[in-house]
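# Fold and geometry: a report
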Protein chains: 2
Amino acid sequence: MNTENAKSQMRKGMLEYCILLLLHKGPAYASDIIQQLKEAQLIVVEGTLYPLLTRLKNDRLLKYEWQESTQGPPRKYYALTLDGEEFLRHLDSAWNELTNTVSILRNGIATEPTLS
Amino acid sequence: MNTENAKSQMRKGMLEYCILLLLHKGPAYASDIIQQLKEAQLIVVEGTLYPLLTRLKNDRLLKYEWQESTQGPPRKYYALTLDGEEFLRHLDSAWNELTNTVSILRNGIATEPTLS
DNA sequence: AAATATACTTTGCAATACAAGGTACTGAAA
DNA sequence: TTTCAGTACCTTGTATTGCAAAGTATATTT
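Residues numbered from 1 in each chain as written. Chains lettered and ligands numbered in written order. Predicted model: local features only at pLDDT ≥ 70, side-chain atom pairs only at ≥ 80, totals over all residues. Heavy atoms only, no water.

Residues and elements named next belong to chain B. Tracing the backbone shows Ser103 in helix H5 (residues 82-105). Owing to a relative accessible area of 38%, Ser103 belongs among the partly exposed residues under this scheme. A C-alpha to C-alpha distance of 30 Å links Ser103 and Gln35, two positions 68 residues apart in sequence. Among the polar contacts made by the side chain of Ser103, one reaches the main-chain carbonyl oxygen of Asn100 at a distance of 3.0 Å. (Helix = DSSP H or I, 4+ residues; strand = E, 2+ residues; numbered from the N terminus. Buried < 20%, exposed > 50% of the residue type's maximum accessible area, 1.4 Å probe, protein only. Polar contact = N/O pair within 3.5 Å; in protein donor to acceptor, adjacent residues only side chain to side chain.)

Phi at A:Gln41 takes a positive value of approximately 75°, unusual for a residue other than glycine. Among the secondary structure elements, A:Gln41 is positioned in the loop between helix H3 (30-39) and helix H4 (46-58). Although it is not a glycine, B:Arg60 adopts a positive phi angle of roughly 70°.

Chain B puts 52 residues into the contact, and the matching count from chain A is 52 residues. Between chain B and chain A lies a buried interface of about 4500 Å² when both sides are counted; carbon and sulfur atoms form 69% of it. On the surface where chain B and chain A come into contact, there are two salt bridges. The partner of A:Arg106 in a salt bridge is B:Asp92, with the nearest N and O atoms 3.5 Å apart. Counting the contacts that link chain B with chain A gives nine residue pairs in polar contact (both at pLDDT 80 or more). Contributions of two or more residues to the side of chain B that touches chain A are made by helix H1 (3-11), helix H2 (14-24), helix H4 (46-58) and H5 of chain B. The element that contributes the greatest number of residues to the side of chain B that touches chain A is H5(B), accounting for 16 residues. (Contact = heavy atoms within 4.5 Å. Buried area = accessible area lost by both parts, 1.4 Å probe. Salt bridge = Lys/Arg side-chain N within 4 Å of Asp/Glu carboxyl O.)

Function cannot be read off these values alone, since they describe shape.
Set out below in structure tokens:
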């Protein structure tokens, strides 16, 4: 059992939430998303992201538009659909419940959340 | 895409953390754990818990002792090993990073964490 | 003895993160 | 023109894990 695997498992499901959160602020294409997640301390690779974006699109939570780039091939800019916005609110609730659960279970643990 | 599945995915990995958090407070057997998790708003079923406990034991993060019950068959009381305590601290860090990531991405989202 | 309750276990399936490798388009250098 | 490098998108195979469902074993009650 290594820590990396545990962290990877922890991120399951969270990643979907994080991507919807990110796209809620505005459209972005894959490299954009990877970069912004990295700035939020979440490392994601292409092989994870592309299938996820495709799945969310097929589920009508995301839509995309092709847009030309001044440097390189055209890009798929993804954005939330109305269904996606609604689904995001459900995930907000689920996230709140989870953090609530952890804070209940953490009682007695001497570990404060770090701020950096 | 249904919300239940998304929530289930979100819990992946979290569950391991929650169980270690819980056992950090003291030994417990399976039904205990399910009950305490339910009180912390996390529904878990036997088919999920038992294989997880076995895995954590095989990884030397948990140990157990048989203990007689006044009512029914004997129970396996699980407790953290020293390795388990150390691993829990790693998971604390991972959890802190995740909540930090989400709070960064949530900027601009008009959803406050609920307190109940 | 049979039935019920409690506790532990196993099997099979679906979902998903990830590594690794591949395709396609663009523009610049040789 | 051809070649190369950079950017962007996509696919395949694997391991892990939550869960439903069914099974096994022990103890108590009827």
